[in-house]
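# Fold and contact review
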Amino acid sequence: SGVRLLGPTEIRGLAAELGVRPTKQLGQNFVHDPNTVRRIVATSGVGPDDVVLEVGPGLGSLTLALLATAGRVVAVEIDPVLAGRLPQTIAEFAPERAADFDVVTADAMTVLPADLPVAPTALVANLPYNVAVPVLLHLMAHFPTLNTALVMVQAEVADRLAAGPGSRTYGVPSVKARYFGDVKRSGAIGRNVFWPEPKIESGLVRIDRRDPYGTDPEHRAATFSVIDAAFAQRRKTMRSALATWAGSAPRAEELLREAGIDPGVRGERLGVDDYVRLAAVAGAAR
Ligand code: SAM
């Protein structure tokens, strides 16, 4: 496809030209290994029919690999210096694909479909680590056209997202991600593929959208608020963890029984189905 990928020399060159001093706050670790970006694209399964939303394209490493395979790429980058250089990088390294590339300077935490020139079908991103979970959940919630998401995140966060009920790492991200569909951990990535090298290992997570509970924002908000309440005090039983949410402990107990959930159980034992039922019972009682 006539696409060239960025190696260590190109990454160093671009960073020097732009005077980039990578910030931790924006999670700026750039991949300088062509094999890694190829592997991410292969794992994502995107093809010529896909419009890919890439969050945080940075210097363009993953962007170029995506352009070699996907139909179109729309990138959302918060850093105007990086966003401003991308069209030139694409023109240089993937001249035949430049027409199928757009970059939008925006915050992925708040970006909405109206901000993009097309509706994306797949999210593929090496996410900024400190905001990875909120960005992923925001995009799954507000971009219903996204059928799949394949993201690179901190290894621990990947574990947490993919964990099932009863596991040590199961928590709010695991339950909320499952609200949208199937979640799978798929692959580890070492620290040495990045410049600068982060202190932590990375991992890949994949979400395949199923929307088993529909796409109504109110249903989602009601369900997510029970989840937040249940995990706010992880060591407590549901009866006491949900006292404030329900109004009182006896009221919480009543709602839990009505939803068919043992009030003495801890939130980490329950699946997304249980939380959906609980929110429905509470909504009907109101
Ligand atoms: N995709 C590039 C790569 O793989 O080399 C860079 C990945 S780097 C881990 C994360 C990127 O996300 C940086 O370019 C950073 O500027 C950008 N970023 C950080 N916070 C963001 C936000 N809230 N919205 C959009 N982009 C953001």
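For the structure, see preceding data.
A brief report on the enclosed structure follows. For every chain, the first residue of the written sequence is number 1, and numbering continues from 1 onward in sequence order. Two thresholds apply to this predicted model, a pLDDT of at least 70 for residue-level local features and 80 or more for giving and counting side-chain atom pairs, whereas whole-chain, interface and lining totals are computed over all residues. Note that the side-chain values use all heavy atoms of the structure and ignore hydrogens as well as water.

### A few points about the overall build of the protein chain
Numbering goes from the N terminus for both helices and strands, where a helix is a DSSP run of H or I of at least four residues and a strand is a run of E of at least two. Looking only at helices and strands, one finds 12 helices and nine strands in the protein chain. For the protein chain, whose C-alpha radius of gyration is 21 Å, the value lies close to the compact-globule estimate of 19 Å for 286 residues. Expressed as a percentage of contacts within the protein chain between residues at least 6 apart in sequence, the contacts between residues at least 24 apart total 71%. On the protein chain, roughly 12,500 Å² of surface is accessible, and the fraction owed to carbon and sulfur atoms is 51%. Two things to know: the radius of gyration comes from C-alpha atoms, and the globule rule equals 2.2 Å times the number of residues to the power 0.38. Any two residues having at least one pair of non-hydrogen atoms within 4.5 Å are treated as being in contact. In these tables, accessible area is a Shrake-Rupley quantity obtained with a 1.4 Å probe, and a residue counts as shielded only by the protein chains included in the view.

### A few points about the site of the ligand
Close contacts around the ligand come from 22 residues, with Val31, Gly56, Glu77, Asp107 and Asn126 the closest. Any pair of N or O atoms that falls within 3.5 Å is considered a polar contact. Within protein, one atom must be able to donate a hydrogen and the other to accept it, and sequence-neighbouring residues count only if both atoms are side-chain atoms. At 2.8 Å, a backbone N or O of Val31 approaches an oxygen atom of the ligand. In this analysis, the protein atoms alone were mapped onto a 1 Å grid. Cavities are point sets where a 1.4 Å probe fits without being able to get out; pockets are open sets with protein on both sides within 12 Å along at least five of seven lines; lining residues have an atom within 4 Å of a point. What decides whether a molecule sits in a cavity or pocket is whether more than half of its atoms lie within 2 Å of the grid points. In this structure, the ligand is accommodated by the largest pocket. When residues of the shell around the ligand are traced back to their parent elements, those giving at least two are β1 (30-31) and β3 (72-77). The residue makeup of the shell around the ligand, split by class, is 11 nonpolar, seven polar and four charged. Each residue is tested against the molecule or strand, and it is near if at least one of its non-hydrogen atoms lies within 4 Å. As a working rule, the residues Ala, Val, Leu, Ile, Met, Phe, Trp, Tyr, Cys and Pro are called nonpolar, Asp, Glu, Lys and Arg charged, and the rest polar, with Gly in that last group.

### Remarks on helix α1 (residues 8-18)
Summary of the burial criterion: residues with accessible area below 20% of their type's maximum are buried, those above 50% are exposed, and those between are partly exposed, where the area comes from a 1.4 Å probe applied to protein chains only. Three or more residues of α1 are buried, namely Ile11, Leu14 and Ala15. The buried residues of α1 all sit within an arc of 95° when viewed along its axis, so they share a single face. Exposed residues pointing more than 90 degrees away from the buried face of α1 are listed as Thr9, Arg12 and Ala16. Where α1 is buried, its residues contact β1, α3 (61-67), α4 (80-93) and β8 (194-195). Just downstream of α1, Gly19 is the residue with a positive phi angle, here 65°. To obtain the arc, one takes the directions from the helix axis to the C-beta atoms.

### A closer look at the layout of surface pockets
Using a probe with the size of a water molecule, rolled over the atoms, empty space left in the structure can be pinpointed. Grid points are joined across faces, edges and corners, and a volume is the space filled by probe spheres set on the points. Put simply, the largest pocket is a space of about 480 Å³. In this structure, the largest pocket is lined by 36 residues; those nearest its centre are Leu26, Gly27, Gly56, Glu77 and Pro128. Looking at the lining of the largest pocket residue by residue, the classes come out as 23 nonpolar, 10 polar and three charged. One number sums up the size of the second largest pocket: a volume of about 280 Å³. As for the second largest pocket, its lining consists of 14 residues, of which Lys24, Asn29, Tyr129, Pro198 and Lys199 are closest to the centre. Of the residues assigned to the lining of the second largest pocket, the class counts are five nonpolar, six polar and three charged.

### Quick look at the packing of aromatic side chains
Here is the rule: rings of Phe, Tyr and Trp (six-membered ring for Trp) pair when centre to centre is within 6.5 Å. Planes less than 30 degrees apart are stacked, more than 60 are edge-to-face, and the remainder are tilted. For the structure shown, the criterion picks out seven aromatic pairs. Arranged with centres 5.7 Å apart and planes meeting at 85°, the rings of Tyr179 and Phe180 form a pair that is edge-to-face. In terms of burial, Tyr179 and Phe180 fall into one category: buried. Residue Tyr179 is classed as buried on the basis of its relative accessible area, which comes to 2%. Pairwise contacts between aromatic rings join Tyr179, Phe180, Tyr213 and Phe224 into one cluster.

### So, the pattern of salt bridges
We count a salt bridge whenever a side-chain nitrogen from Lys or Arg sits within 4 Å of a carboxyl oxygen from Asp or Glu. The final tally for this structure, using the stated rule, is 17 salt bridges. Between Arg160 and Glu156 there is a salt bridge, with the nearest N and O atoms lying 4.0 Å from each other. With a gap of four residues between them, Arg160 and Glu156 both fall in helix α6 (residues 155-162), about one helical turn apart. For Arg160, a relative accessible area of 32% puts it in the partly exposed group. Of the residues examined, Glu156 reaches a relative accessible area of 49% and is grouped as partly exposed. Among the salt bridges present, the one from Arg210 reaches Asp182, with a minimum N-O distance of 2.8 Å. Of this pair, Arg210 sits in the loop between β9 (202-209) and α8 (217-232) while Asp182 sits in strand β7 (residues 181-189), and the two are 28 residues apart along the sequence. A relative accessible area of 39% means that Asp182 is categorised as partly exposed. Each of Glu17, Arg85 and Glu92 takes part in salt bridges that share partners, so that together they form one network.

### Quick notes on the environment of Thr237
With respect to the helices and strands, the residue Thr237 is situated in the loop between α8 and α9 (238-241). The class for Thr237 is partly exposed, based on a relative accessible area of 24%. Along the chain, Thr237 and Gly171 lie 66 residues apart, while their C-alpha atoms are 15 Å from each other. Leave out the neighbours within four places in its chain, and Thr237 touches Pro263, Gly264, Val265 and Arg266.

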